[in-house]
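One letter stands for each residue in the lines below.
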Amino acid sequence: MTASLIKTNGLEFCFKKNEVILRNLHIEVPKGSIYGFLGPNGAGKTTTLRLLLGLLKIDNNPISIFGKELAMHRLQVLRRIGSLIEQPSLYGQLTGTENLEVYRLTYSCRKERIYEVLHIVGLTHAANKKAKTYSLGMKQRLAIAITLLHDPELLILDEPTNGLDPTGIIEMRELLIGLNKEYKKTILVSSHLLTEVEKIATHVGIIHHGSLLFQGTLAELQQMKTLNTVLELEVDNIENAKLLLQDMDVRQTGEFTLQVPVENRESMAALNSTLVRNDIKVYKLSPASTNLEDVFIQIISA
Amino acid sequence: MASLILNTSAEFLKVRRTNAIWLTFAGALFIPSVNFLKLLSRPDIFLSQTKADPWAFMLNDNWAPAASLFLPMYVILVISLVVQIEYTNNTWKQVYASPRSYADIYFSKFFIMSSLVLLWIVLLTFFIVASGYVIEMVNSDYEFASHQIPWKQFSTIAIKMFASTLGMAAIQYWLTLLFKSFVTPIGIGMALLTGGFMIRQWEHISYYPYIYSLLVYFTNPGLEEGTSDKALLNSVVGSIIVLGLGFYHLCIRKEKG
């Protein structure tokens, strides 16, 4: 069984009494994973990540990172984490290299490490430009370079694709996958862009109104998606088809099209077989819900 | 300890090319520049006044406005500017998410602010001396070069003035951490400074940090003897107390960054 780098045991938080932000969160981020932390705006993602970094104070000690209680071992834990919370935190009047130098001093790493991380994020060409002249994509890259300076085992990234154009999003996605695969970083990345998480995550946690609604591997989530699939059929004889499938919750959506809910892949095959055996021609058989977004919406609206 | 030194170096790097640096140089240059123009434009008035002891004249003519107004104003502004580097760049959270103790974060920043105040005082001293020599180069009737510079007097005033700002600096620092706004702590500081002028003759004025530089520099007619020394001591002791309280408050704050 893969060890969990992050484990929260019933994490709860509120800024004011009677205004609960997080409810009983049990998050487990396995070592070596890319854990996509999904949720709509205001769900509690950033608050959770701020708690994991010790930026918010809580009375009990429900957070354990690298097997250590965060509250008791804050400095030891933070030495092994690279983080980016909300927008990139950069000193605009300093160059890329100088920004890295500020944190290099804090992390006491080798001088050459600055050039290594600039190379990893592809910013060598802009190293001596002031950070305030960078595009948002470059700022995000520099912020990620800062998180990599001390070669941490764990990266905590809060919406790193926020505000990026499509090219920037693709570049960021490739960068994160590369960091996970080549540099063996465990990455906890929050996002409300579900399609993005689907493309990079190995594990997913879905939070809504401060509660964790789902946690598991991407495969498990996709399995859940299959369980909730609605098939769309196009047939030559709609009346016969409706008669044959009358025990199912069939809905006619067009002159020759029907929608039928199915529970698994076997049900899909059986359905097709039944129609064909009864001389009904099937021109189209495809899932009406095709992406994680639908599953996500189903989960949060359940 | 090594990490405190490294992080303080990092804090120095952060102020590079900021308004805090510009203000330090321009602020220190302002009073000597005005006096420079004054002496050169009206030698008929100032030649006789500088004749006996030109450096004593220069020292007082520059330090009197500095001690009463410019130094405390500079302290209020520079502390806000240094803390605003983190607010405007949205970097506080990154500072607190890095492996630094709260003491390191809190005290290294105060060390930077104090260093800038000290730099301002050193620069002011340098500009006073430099302006004396340049005045003589432009108008040879002035006699600065032939008189010995009273370095001991300059140094004593510099040290006393620095110590007199510590109390208000500690209060201003706490205010800048309490208020995200750039204007609020400056407004409070300026109000307290001007309020101090208005109650200057109050018998307990030595417990009012915003006017310590004035009390320490000038003789204080109408106030009890030893008010200057008491103000100086209160500034140092007060800064330790306020810094301690500010640090405690930082540690118990629910939200950091």
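Residues numbered from 1 in each chain as written. Chains lettered and ligands numbered in written order. Predicted model: local features only at pLDDT ≥ 70, side-chain atom pairs only at ≥ 80, totals over all residues.

So, about the overall build of chain A. Looking only at helices and strands, chain A has 11 helices and 16 strands in total. If one aligns the C-alpha atoms of chain A with their principal axes, the spans along those axes are about 75 × 45 × 35 Å. Among the 302 residues that make up chain A, the fraction classed as buried is 40%. Expressed as a percentage of contacts within chain A between residues at least 6 apart in sequence, the contacts between residues at least 24 apart total 68%. (Helix = DSSP H or I, 4+ residues; strand = E, 2+ residues; numbered from the N terminus. Buried ≥ 20, exposed ≤ 12 C-beta atoms within 10 Å, placed from the backbone. Contact = placed C-beta atoms within 7 Å.)

With that out of the way, let us pick up the overall build of chain B. Regarding its fold elements, chain B presents 10 helices and zero strands. Helices and strands in chain B line up, N terminus first, as α-α-α-α-α-α-α-α-α-α. Viewed in the frame of its principal axes, chain B has a C-alpha envelope of about 65 × 40 × 35 Å. A burial count over chain B gives 42% of its 257 residues as buried.

Strands pair in a sheet through their backbones, by hydrogen bonds, and they do so in one of two ways: parallel or antiparallel. Residue and element names in this part refer to chain A. An order of β4-β1-β6-β7 is seen for the four strands of this open sheet, with the pairing classed as antiparallel. One side of each edge strand has no neighbouring strand; the edge strands of this open sheet are β4 (28–30) and β7 (68–69). Note: strand β1 (residues 4–8) against strand β6 (residues 63–65), three bridges, orientation antiparallel. Its bridge partner lying in β6, Ile-6 is registered against Ile-65. (Pairing = 2+ DSSP bridges.)

As a measure of interface size, the accessible area lost when the parts come together is often cited. Of the residues lining the interface, 26 residues belong to chain B; the matching set on chain A comes to 23 residues. Secondary structure elements with two or more residues in the side of chain B that touches chain A: α1 (2–14) and α5 (92–96) of chain B. Per-element accounting of the side of chain B that touches chain A gives the leading share, seven residues, to α1 of chain B.

Once that is clear, we can look at the nonpolar core. Ala-145 of chain A together with Val-78, Val-82 and Met-113 of chain B are the most contacted members of the largest nonpolar core, which totals 131 residues. Not counting chain neighbours up to four residues away, the residues in contact with Val-82 of chain B comprise Val-15, Ala-20, Lys-109, Ile-112 and Met-113 of chain B. One finds Leu-231, Val-235, Val-260 and Leu-271 of chain A within the second-largest nonpolar core, a separate group that totals seven residues. (Core = buried A, V, L, I, M, F, W, Y, C linked by C-beta atoms within 7 Å.)

Residue and element names in this part refer to chain B. Put simply, helix α6 (residues 102–138) and helix α7 (residues 151–178) touch, their axes get as near as 10 Å, and they point 145° apart. The hand of the α6/α7 crossing is right-handed. Two secondary-structure elements touch here, α6 through Phe-110, Met-113, Ser-114, Val-117, Leu-118, Ile-121 and Thr-125 and α7 through Phe-154, Ala-158, Met-161, Phe-162, Thr-165, Ala-169 and Tyr-173. Of the residues contributing to the contact of α6 with α7, the split by class is 11 nonpolar, three polar and no charged. (Axes fitted to C-alpha atoms, helices over the stretch in contact; angles between N-to-C directions. Left-handed = near helix turned anticlockwise from the far one by under 90°. Nonpolar A, V, L, I, M, F, W, Y, C, P; charged D, E, K, R; others polar.)

Along an α-helix, a turn takes 3.6 residues, which lines up residues three or four apart on a common side. Residue and element names in this part refer to chain A. With 12 residues, helix α3 (residues 96–107) ought to run about 16 Å at 1.5 Å a step, and its terminal C-alpha atoms sit 17 Å apart, in line with that. Within α3 the residues assigned to the buried category are Gly-96, Asn-99, Leu-100, Val-102, Tyr-103, Arg-104, Thr-106 and Tyr-107. Trailing α3 by a residue or two, Ser-108 shows a phi angle of about 50°, which is positive. (Expected span 1.5 Å × (residues − 1).)

For the rest of this paragraph, the subject is the pairing of strand β9 (residues 154–158) of chain A. All names here are of chain A. The element β9 is extensively covered by neighbouring structure, given that five of its five residues are classed as buried. With burial as the criterion, each face of β9 is covered, one bearing Leu-154, Ile-156 and Asp-158 and the other bearing Leu-155 and Leu-157. Judged from the four bridges that link them, strand β8 (residues 81–84) and β9 form a sheet pairing that is parallel. Looking at the pairing, Gly-82 lines up with Leu-155 of β9. Bridging between β9 and strand β10 (residues 186–191) involves five bridges; their strand directions are parallel. Considered in β10, the bridge of Ile-156 is made with Leu-188. One crossover worth recording links β9 to the parallel β10 by way of helix α6 (residues 166–181), and it is right-handed. (Right-handed = clockwise from strand over helix to strand, strands pointing away.)

Here the focus is the confidence of the model for chain B. Overall, the prediction assigns chain B a mean pLDDT of 95, with 100% of residues at 70 or greater. With a pTM of 0.86, the predicted complex shows an ipTM of 0.90. (pLDDT = per-residue confidence, 0-100.)

Below, the discussion takes up the domain arrangement of chain A. Along its sequence, chain A is organised into domain 1 (4–216) and domain 2 (228–300). Using C-alpha coordinates to define each centre, domain 1 of chain A is positioned 42 Å away from domain 2 of chain A. (Domains from an automatic or database assignment.)

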